[in-house]
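Residues per chain, in single letters:
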Amino acid sequence: MTLTDFTGQFHPLLVHLPIGILFFAMILMVYGRVRNVDVAATVSLAWLLGGLSALFSCVTGWLLSRSGDYDTSLVTVHQWTGLATAGLSFLTYALPRHRWVPAIATLIFLTIAGHYGGTLTHGEGFLSFSAKQSDTNPVNSADRPAPVNVALLSDSAGKNSQPIVKRTFFYRDQVVPVLETNCYSCHSARKKKGGLRLDSEAFIKQGGKNGAVLVAGNPQKSKLFSYLLLPHADDMHMPPAGKRQLSNQQIAILHQWIKTGASFKESVEIMQPQQPTEVEAVATLPLTFQTVPPASDSLRTIRADPDAVSVETTILSRPVAAPDQALQQAFRKEQIILTPIREGAGYVAANFVNVKSYQPSMLSDLGQLKNQLVRLRLSNQPVQDEDLSQLAGCRNINRLNLDKTRITDAGLDILKQLPNLEQLNLYGTAVTDAGLDKLAALPALKVLYLWQTNTTPAGIERLKRAKPGLKIDDGQQQLVLPDTNKTLKTQR
């Protein structure tokens, strides 16, 4: 975590100071007017301190917003109403004889800023009690039956004379605990990172600002599952590095749920009577899954050789001046996030995640960062093959994310002009085996992601032979159920 990121984390703490101080200042004004007491000096100090604390809150809030984890439109309104609050506070302090109008205006803007801040933190409708009830509790425990997998009905003689009712509520009993433990801290009513909430059926189906996360019946196309399997070093890996990671069994539960249709309802099945010993054994079987160990070049094991010095490390060892403030401001206006790679170094990562109206000229503008640009994420943007030619001058690019863009084999020819490119993400593009042959010419390439492309195992194998040290992820992973027959025999 950089110093700017660390400083931004103080925003939720500092933001409460101006709220308390400014409302206290207004209460003092009312008290002085009603009781005819001279509190002018105290009121002036309160407005000054309120303005200063509001200004500090704006600075830390701006640093926090650079992470790109929050809805841009909400951040903009919150930011400007916060700045207006700070400005009006100073104006109220500077006009002791005409305070009432700017004081009232200050509280109005403070209320608006607070509302949008609450929306960013807790999600839309956070003031509605009924909305909270339905959003944070996907299933009302008071109205649902106890989780019963199998109800065995028998007569007084102990013989099965009635059908067996099998009830399963996979979403409630298996999926919700996984999401609650690992995902709600960033994707719920408390925080809607990336515009995504996972705490109710409606929000899961709605997806986030980057589109749907669930494709019923297809785990590989569901970001809710596929992002779990990305390497921890990948920016798209979920949960992020440093957060609690899902176990193989938890991943398998999500895979099973999505593969079988991602139902949010309880299923009831009427079964013919069986021998009690077998039925009871089935009822007590634990829901366990096994993950087949991935191959050495699989997605979950892609990592650089620990004994090798990466190209990026070599690049960062060479001093370079950081981009000037005017240039950073220009990129900020285009909603391009620039983040320092390392504190005190001039190298940066450029992220287009918040760009809503992509233009090829934006890549041309990156030419101004040709010495500083090391990582570039163009994910989910309509980038064409010809657009990449504008990156030819940025020869220090070490990691390039082109996933879900319109890149084809033709665009890969241009990448030969990036001699320091170590990691390349082509997930969800139209690249074929012909494009893979071109990648063999990239001297520094060590990691390649090929999920959901038009490549074939034969083409991938050919590239591996051409570049033996290259780690390739094609998204292949198998999940299997345990041998229930063997378990039944053991329990007997």
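Residues numbered from 1 in each chain as written. Predicted model: local features only at pLDDT ≥ 70, side-chain atom pairs only at ≥ 80, totals over all residues. Heavy atoms only, no water.

Asker: Would you mind showing me how to read the overall build of the chain here?
Answerer: Counting its secondary structure elements, the chain contains 19 helices and twelve strands. Here the chain holds 492 residues, and the buried ones make up 42% of them. The contacts of the chain with a sequence gap of at least 6 include a subset with a gap of at least 24, amounting to 66%. Accessible surface for the chain amounts to roughly 25,100 Å². Of this, 56% is attributable to carbon and sulfur atoms. (Helix = DSSP H or I, 4+ residues; strand = E, 2+ residues; numbered from the N terminus. Buried < 20%, exposed > 50% of the residue type's maximum accessible area, 1.4 Å probe, protein only. Contact = heavy atoms within 4.5 Å. Areas by Shrake-Rupley, 256 points an atom, 1.4 Å probe, with all protein chains shown as cover.)

Asker: So what exactly am I meant to see when it comes to the pattern of salt bridges here?
Answerer: Pairs can form between side chains of opposite charge once their charged atoms are near each other. Scanning the entire structure with this criterion turns up nine salt bridges. Note that Asp413 is salt-bridged to Lys438, the shortest N-O span being 3.0 Å. Taken together, the residues span a long stretch of sequence, with Asp413 in the loop between helix H16 (409–412) and strand S9 (423–425) and Lys438 in helix H17 (residues 433–439) at a distance of 25 residues. The class of Lys438 is partly exposed, set by a relative accessible area of 22%. Two residues, Lys446 and Glu422, come together in a salt bridge whose shortest N-O distance is 3.1 Å. Here Lys446, found in the loop between H17 and strand S10 (447–449), pairs with Glu422, found in the loop between H16 and S9; they are 24 residues apart in sequence, far enough to count as distant. By relative accessible area, which is 26% here, Lys446 ends up partly exposed. By relative accessible area, Glu422 is classed as buried at 6%. Several salt bridges share partner residues, and in doing so they unite Glu312, Arg375 and Arg399 into one network. (Salt bridge = Lys/Arg side-chain N within 4 Å of Asp/Glu carboxyl O.)

Asker: I would appreciate a short explanation of helix H11 (residues 248–259) in the present structure.
Answerer: The α-helix winds at 3.6 residues per turn, so residues separated by three or four positions along the chain end up facing the same way. End to end, H11 covers 16 Å across twelve residues, agreeing with the expected 16 Å (1.5 Å per residue, within 8%). Buried within H11 are the following residues: Gln250, Ile251, Ala252, Ile253, Leu254, His255, Trp257 and Ile258. (Expected span 1.5 Å × (residues − 1).)

Asker: Even after reading the chapter, I still don't get the side chain of Thr453, so can you show me in this structure?
Answerer: Along the chain, the position of Thr453 falls in the loop between S10 and helix H18 (457–466). Accessibility expressed as a relative area gives 14% for Thr453, which makes it buried. A polar side-chain atom of Thr453 sits 3.0 Å from the main-chain carbonyl oxygen of Leu450. Those residues within four positions of Thr453 in sequence are excluded, and the remaining contacts are Leu426, Gly428, Thr429 and Val431. (Polar contact = N/O pair within 3.5 Å; in protein donor to acceptor, adjacent residues only side chain to side chain.)

Asker: Help me out: how do you make sense of the packing of helix H8 (residues 170–182) against H11 in this one?
Answerer: Helix packing for two helices is described by the angle between their axes and how far apart those axes are. At their nearest, the axes of H8 and H11 sit 10 Å apart, and the two run at 135° to each other. One finds that H8 runs oblique with respect to H11. At the point where H8 passes H11, the crossing takes the left-handed sense. Of H11, the residues touching H8 (which contributes Phe170, Tyr171, Gln174, Val175, Val178, Leu179 and Asn182) are Gln250, Ile253, Leu254, Gln256 and Trp257. (Axes fitted to C-alpha atoms, helices over the stretch in contact; angles between N-to-C directions. Parallel < 35°, antiparallel > 145°, perpendicular 65-115°, else oblique. Left-handed = near helix turned anticlockwise from the far one by under 90°.)

Asker: Which parts of the structure should I look at to understand the side chain of Ser57?
Answerer: Mapped onto the fold, Ser57 is located in helix H4 (residues 40–65). Ser57 sits in the buried class, given a relative accessible area of 4%. Here Ser57 is in contact with His11, Leu14, Val15 and Pro18, once residues within four sequence places are set aside.

Asker: So what exactly am I meant to see when it comes to the pairing of strand S6 (residues 348–351) here?
Answerer: Put simply, side chains in a regular strand alternate between the two faces of the sheet. Judged from the four bridges that link them, strand S5 (residues 337–340) and S6 form a sheet pairing that is antiparallel. Residue Ile337 lies in a different strand from S6, and its bridge partner there is Asn351. Of the pairings in the sheet, the one linking S6 to strand S7 (residues 373–377) comprises four bridges and is parallel in character. Within S7, the position partnered with Ala350 by the bridge is Leu376. (Pairing = 2+ DSSP bridges.)

Asker: Any chance you could explain the environment of Gly344 here in plain terms?
Answerer: Structurally, Gly344 can be placed in the loop between S5 and S6. Linking Gly344 and Ala321, residues 23 residues apart in sequence, is a C-alpha distance of 9.8 Å.

Asker: So what exactly am I meant to see when it comes to the nonpolar core here?
Answerer: Nonpolar side chains tend to gather and get buried jointly when the protein is soluble and globular. Among the nonpolar cores identified, the biggest contains 42 residues, and Phe352, Leu366, Leu415, Leu424, Leu439 and Leu448 are the most heavily contacted of them. Counting only elements with at least two residues in this core, the list comes to helix H14 (325–333), S6, helix H15 (361–365), S7, H17 and H18. Counting 30 residues, the second largest nonpolar core, distinct from the first, contains Val176, Tyr184, Leu246 and Ala262. (Core = buried A, V, L, I, M, F, W, Y, C linked by side-chain atoms within 4.5 Å.)

Asker: Got a minute to help me understand the sheet that holds S9 in this structure?
Answerer: Judged by pairing direction, the sheet is mixed, and its seven strands sit side by side in the order S5-S6-S7-S8-S9-S10-S11 without closing on themselves. The two strands at the open ends of the sheet, each matched to only one other strand, are S5 and strand S11 (471–473). Adjacent strand axes in the sheet meet at a mean angle of 15°, parallel and antiparallel pairs treated alike. Strand direction decides the pairing type here: S10 and S11, joined by three bridges, are parallel. From the neighbouring strand, Tyr449 faces S11, where its bridge partner is Asp473.

Asker: So what exactly am I meant to see when it comes to the pairing of S7 here?
Answerer: By the criterion of burial, S7 is predominantly enclosed, with four of the five residues buried. Both S7 and strand S8 (residues 399–401) contribute to a ladder of three bridges, which runs parallel. Across the sheet, the residue bridging to Arg377 is Asn401, located in S8.

Asker: Looking at this model, I keep getting lost on unusual backbone geometry. Mind explaining?
Answerer: Negative phi is the rule for most residues except glycine; trans is the rule for most peptide bonds. With an omega of -10°, the peptide bond running from Met238 to Pro239 counts as cis. Among the secondary structure elements, Pro239 is positioned in the loop between helix H10 (223–226) and H11. A positive phi angle, near 65°, is found at Asn380, a position not held by glycine.

Asker: Please clarify how the packing of aromatic side chains should be interpreted in this entry.
Answerer: Ring pairs (aromatic) are described by centroid distance and by the angle formed between their planes. If you walk through the whole model with that rule in mind, you get five aromatic pairs. A ring pair is formed by Trp257 and Phe264, whose centres lie 5.3 Å apart and whose planes are at 90°; its orientation type is edge-to-face. Overall, Trp257 belongs to the buried group, its relative accessible area being 1%. According to the relative accessible area criterion, Phe264 is buried, its value standing at 10%. Ring centres 6.0 Å apart and planes at 90° place the aromatic pair Tyr427 and Trp451 in the edge-to-face group. Of this pair, Tyr427 sits in the loop between S9 and H17 while Trp451 sits in the loop between S10 and H18; the two residues are 24 residues apart in sequence, bridging distant segments of the chain. (Phe/Tyr/Trp six-rings, centres within 6.5 Å; stacked < 30°, edge-to-face > 60°.)

Nothing here speaks to function; it is all geometry.
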